[in-house]
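Listed below are the residues making up each chain.
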Amino acid sequence: MVKLIHTLADHGDDVNCCAFSSSLLATCSLDKTIRLYSLSDFTELPHSPLKFHTYAVHCCCFSPSGHVLASCSTDGTTVLWNTQNGETLAVMEQPTGSPVRVCQFSPDSTCLVSGAADGTVVLWNAQSYKLYRCGSVKDGSLVACAFSPNGNLFVTGSSCGDLTVWDDTMRCLHSEKAHDLGITCCDFSSQPVSDGERGLQFFRLASCGQDCQIKIWVVSFTHIFARSTEDQAKQFTEDWSEDDVSVWLCAQGLNDLVGIFKMNNIDGKELLNLTKESLADDLKIESLGLRSKVLRKIEELRTKVKTLSSGIPDEFLCPITRELMKDPVIASDGYSYEKEAMENWISKKKRTSPMTNLVLPSVVLTPNRTLKMAISRWLETHQK
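Quantities reported herein were computed from a predicted structural model and do not represent experimental measurements. (Residues numbered from 1 in each chain as written. Predicted model: local features only at pLDDT ≥ 70, side-chain atom pairs only at ≥ 80, totals over all residues. Heavy atoms only, no water.)

So, about the sheet that holds strand β2 (residues 24-29). Strand order in this open sheet of four strands is β1-β2-β3-β4, and the pairing throughout is antiparallel. Edge strands, defined here as strands with exactly one partner in the open sheet, are β1 (15-20) and β4 (50-51). Sheet topology places β2 next to strand β3 (residues 33-38); five bridges connect them, and they run antiparallel. Bridge assignment links L25 to a residue of β3, and that residue is Y37. (Pairing = 2+ DSSP bridges. Helix = DSSP H or I, 4+ residues; strand = E, 2+ residues; numbered from the N terminus.)

Following this line, the structure appears as structure tokens:
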């Protein structure tokens, strides 16, 4: 039996999303607002509507505790709200400035994923409100996202139909075309399924799309994390298997090359020895731009191989790219960044700090020569 008990009509435009906590209902709309209602009597809370976004709000979700609400918008921001008083806790800007279509908390509330129209996906630290990792899918807008029940994996779905599995370090574990006309939603089941014969544990994943289909997938966490542990033990790219190379290609947005590399048995050692000639003559990659991109990524790997076993001090990593800084500069927020990354950030009319999200008093960047010297000394010591 189904019975309508209440209708809410406070929004002034289409309502895009609704979400429940244990005591509240949240809704968001094209009218740029988020509204909060008590579940006891469906009255709107005194501090509702929540207003910050300058364009349509596409998605909203509660943290597992229900104390924090996340909302994301065409304005390129994901905002965290205190549900008890409506105060803004943080404004997190998508690095590319692209409209944010979907956001989702991890089961333990430590992380938040935001997915954008340009295919970028960001993993945020939901405690410090800082960007942790950033990646992207090859084509389409990200329109769906779901965390596994244990929080070690999350899945994104795109408007082009690609379903991508990521681990909690933003490593692409799997990607494939799931729905021909685009994915509309995806979600994990909360209960695991066991394979008694092999002792493996699976979770069911459902995806649905504009092709009128719903697909049910099984994800083997035991297999994935056994492989992840093995990967962590492999400190050098030379030790990568062919499957490891495939994972790396997906993470770089080079999914179309996986088949070619597998056909030619490219493992880690072979990967590092590839040249522009072998890419063109042996692997038959005709696109000059694609060959150049692969070579750039391989060169980055060669640099990382020399330092991976020692571990790069966190203060040597750019907060935006999370890569070793070559030309560090100090911004007016007091933090150091890679010069090119920070210039790109500012050039996109971002006058806020990537670390604090507060307005930058100035866009002047000062060379951090002390840090640059420290990085150089560290490289000299660890690349011998």
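With that settled, consider the pattern of salt bridges. Across all of its chains, the model carries one salt bridge by this definition. One salt bridge in this structure joins E44 and R35, with 2.8 Å as the shortest N-O distance. Its relative accessible area of 13% is what places R35 among the buried residues. (Salt bridge = Lys/Arg side-chain N within 4 Å of Asp/Glu carboxyl O. Buried < 20%, exposed > 50% of the residue type's maximum accessible area, 1.4 Å probe, protein only.)

When pLDDT is low, close inspection of the predicted coordinates is not appropriate. Overall, the predicted model of the protein chain reaches an average pLDDT of 85, with 89% of residues at or above 70. Contacts of residues 223-235 to residues separated by more than four positions or lying in other chains number 17 contacts, the stretch itself having pLDDT below 50. (pLDDT = per-residue confidence, 0-100. Contact = heavy atoms within 4.5 Å.)

For strand β6 (residues 68-73), the buried fraction is high: five of the six residues fall into the buried class. The antiparallel hairpin formed by strand β5 (residues 57-62) and β6 contains five residues in its connecting segment, where G66 sits at a positive phi of about 85 degrees. Taking the residues that link successive antiparallel strands as the turn, the β6-strand β7 (residues 77-82) hairpin has three residues, and the phi of G76 there is positive, at about 85 degrees.

It is worth spelling out the nonpolar core at this point. Ranked by internal contacts, the top residues of the largest apolar core, which has 63 residues, are L69, L112, F154, L249, F261, L271 and L274. Residue contributions to this core peak at five residues, all from β5. Structurally, this core is a two-domain feature, drawing no fewer than three residues from each of domain 1 (15-225) and domain 2 (234-309). (Core = buried A, V, L, I, M, F, W, Y, C linked by side-chain atoms within 4.5 Å. Domains from an automatic or database assignment.)

Okay, the environment of C212 next. Looking at the secondary structure, you find C212 in the loop between β18 (200-209) and β19 (214-220). Expressed as a C-alpha distance, the spacing of C212 and D180, which sit 32 residues apart in the sequence, is 9.8 Å.

So, about the side chain of Q94. The topology assignment puts Q94 in the loop between β8 (88-93) and β9 (100-105). A polar contact of 2.9 Å, which involves the side chain of Q94, links it to the side chain of S114. Beyond its immediate sequence surroundings of up to four residues, Q94 is in contact with G76, V100, S114, G115, A116, T120, V121, V122, W124 and K350. (Polar contact = N/O pair within 3.5 Å; in protein donor to acceptor, adjacent residues only side chain to side chain.)

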